[in-house]
Amino acid sequence: MKAYTYISEGNFELREKEKPVIIHERDAVVKVTLASICSSDLHIKHGSVPRAVPGITVGHEMVGTVEEIGSKVTNVKPGDRVTVNVETFCGDCFFCKNGFVNNCTDKNGGWALGCRIDGGQAEYVRVPFADQGLNKIPDSVTDRQALFVGDVLATGFWAARISEITKDDTVLIIGAGPTGICAPLLCTMLKNPKRIIVCEKDENRIRFINEHYPDVLTVLPEECFEFVKSRSEHGGADRVLEVAGAESTFKLAWQCARPNAIVTVVALYDKPQVLPLPEMYGKNLIFKTGGVDGCDCEETLNLIAQGKLNTEPLITHTYPLAEIEDAYELFENKRDGVIKVAVEC
């Protein structure tokens, strides 16, 4: 089969590999129908994910059809259309039982697919703990509608949940890239806060938000502090979700937050960030951060089926697997107004 493979830092290649097989009784093999490219794939490419293993097939955002299951798999069967969770989790350990699946203690727990074990930018993928990592797609939901459920939408749903957003809140989202729009923005809108402000510098992304979500306010980074302050009842945003992942945006996040606000850091940074405690002393901020606990996929699929969530407009470009290198070039260089790319496998 064809599989897009991490060769070395800065080098991915489409290679011929053996089709995956069942290794463990809780595995499933999925025929991938659609995959997507994520910013985290670019982090692997450029050496920002030290745990990524050279030689693995990349890709952790995909949907497909179950082809084969292990003897202990009970929740899915061959022929089922499924989403694949970015997180691998056993469901049995302390962390899994408490919903903290990103910290599953299994050797493959957490972000494994497309990082430490073969992922889904390929024709087939083996999914460990299939009863946990696969969710059946409702008949009324298309593959394109479900594509982001296992990763970026799971991230947004988790981020909005831990941010404890209320109907009285002013919510600032910093960064309107694929994760910022697909995840925190759409999932924050489900909470119906008083106002949502998105800080972004890219004109194409601002235009996309203005066209698709006209009730959302947008602002440039250099104007963000005063803009938020003038539109907040208590001197700053009640909730800030930092999705951009730059040193300047990390600083902007805590500066724009009101005292006693929650700052949720969704972004993955290329280098350590400074937490200037003397400068922020007295603001009594609550910081929440980490990898997504992606255990709400069934709920998000139901919301899609009910018409309450729609991420399909974010698929701005579609490529066949044979042209995935072109898809990466487009996505990495942010050309042609790209938000998200679908790869037909």
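Each remark here, short or long, concerns the structure printed above.
Bear in mind that the values here come from a model prediction, so they are computed numbers and not experimental data. (Residues numbered from 1 in each chain as written. Predicted model: local features only at pLDDT ≥ 70, side-chain atom pairs only at ≥ 80, totals over all residues. Heavy atoms only, no water.)

Student: What is the right way to read the nonpolar core from this model?
Tutor: Among soluble globular proteins, nonpolar side chains are generally buried collectively. Counting 84 residues, the largest nonpolar core has Leu134, Ile181, Tyr213 and Val341 as the members making the most contacts within it. Broken down by element, this core gets its largest block of residues, eight residues, from helix 5 (residues 152-162). When residues no more than four places from it in sequence are discounted, the contact partners of Ile181 are Ala176, Leu186, Phe208, Ile209, Tyr213, Leu314 and Ile339. With 23 residues, the next largest nonpolar core counts Cys224, Phe250, Cys256 and Val263 among its residues. (Core = buried A, V, L, I, M, F, W, Y, C linked by side-chain atoms within 4.5 Å. Buried < 20%, exposed > 50% of the residue type's maximum accessible area, 1.4 Å probe, protein only. Helix = DSSP H or I, 4+ residues; strand = E, 2+ residues; numbered from the N terminus. Contact = heavy atoms within 4.5 Å.)

Student: Explanation requested: the pattern of salt bridges in the structure shown.
Tutor: Side chains bearing opposite charge may pair, as long as their charged atoms lie close to each other. Taken as a whole, this structure holds 21 salt bridges when the rule is applied. Across the salt bridge formed by Glu13 and Arg15, the nearest N and O atoms sit 3.0 Å from each other. For Arg15, a relative accessible area of 38% puts it in the partly exposed group. Notably, a salt bridge pairs Arg161 with Asp296, separated by 3.0 Å at the nearest N-O pair. One end of the pair, Arg161, is in helix 5; the other, Asp296, is in the loop between strand 15 (286-289) and helix 11 (297-305), and 135 residues separate them in sequence. Arg161 gets classed as partly exposed once you look at its relative accessible area, which sits at 37%. Through salt bridges with shared partners, one network takes in Lys194, Arg195 and Glu233. (Salt bridge = Lys/Arg side-chain N within 4 Å of Asp/Glu carboxyl O.)

Student: Hey, could you run me through unusual backbone geometry in this one?
Tutor: Glycine aside, residues mostly have negative phi angles, and peptide bonds mostly take the trans form. Unlike most non-glycine residues, Phe129 shows phi in positive territory, near 45 degrees. Inspection of the secondary structure assignment puts Phe129 in the loop between strand 8 (124-127) and helix 3 (130-133). Of note in this structure, Lys334 is not a glycine but carries a positive phi near 55 degrees. On the secondary structure map, Lys334 appears in the loop between helix 12 (324-332) and strand 17 (340-344).

Student: Just checking my understanding: could you explain the pairing of strand 4 (residues 62-69) for this structure?
Tutor: Looking along a regular strand, one sees side chains alternate from face to face of the sheet. In this sheet, strand 4 lies alongside strand 3 (residues 28-36) in antiparallel orientation, the contact comprising seven bridges. Bridging across to strand 4, Leu34 finds its partner in Val63. Both strand 4 and strand 5 (residues 81-84) contribute to a ladder of four bridges, which runs antiparallel. Within strand 5, the residue paired with Val63 across the bridge is Thr83. (Pairing = 2+ DSSP bridges.)

Student: Sorry, what's going on with the state of the cysteines here?
Tutor: In protein structure, a disulfide is the covalent linkage between the sulfur atoms of two cysteines. The full count for this structure, using the stated rule, is zero disulfides. Unpaired in terms of disulfides, Cys104 finds its nearest cysteine sulfur in Cys90, a separation of 3.6 Å. Using a relative accessible area of 7% as the deciding quantity, one classes Cys104 as buried. Not part of a disulfide, Cys256 finds its nearest cysteine sulfur in Cys224, a span of 3.9 Å. (Disulfide = S-S within 2.5 Å.)

Student: What exactly am I supposed to notice about the sheet that holds strand 13 (residues 237-242) here?
Tutor: Whether parallel or antiparallel, the strands of a sheet pair through hydrogen bonds between backbone atoms. Taken in spatial order, the six strands of this open sheet run 12-11-10-13-14-15, and their pairing is parallel. Looking along the sheet, the strands with just one partner apiece sit at the ends: strand 12 (217-219) and strand 15. Shown here is a sheet whose adjacent strand axes are inclined to one another by a mean of 20 degrees, direction ignored. Sheet topology places strand 14 (residues 257-265) next to strand 15; four bridges connect them, and they run parallel. For Ile262, the partnering residue across the bridge sits in strand 15 and is Ile286. (Axes fitted to C-alpha atoms, helices over the stretch in contact; angles between N-to-C directions.)

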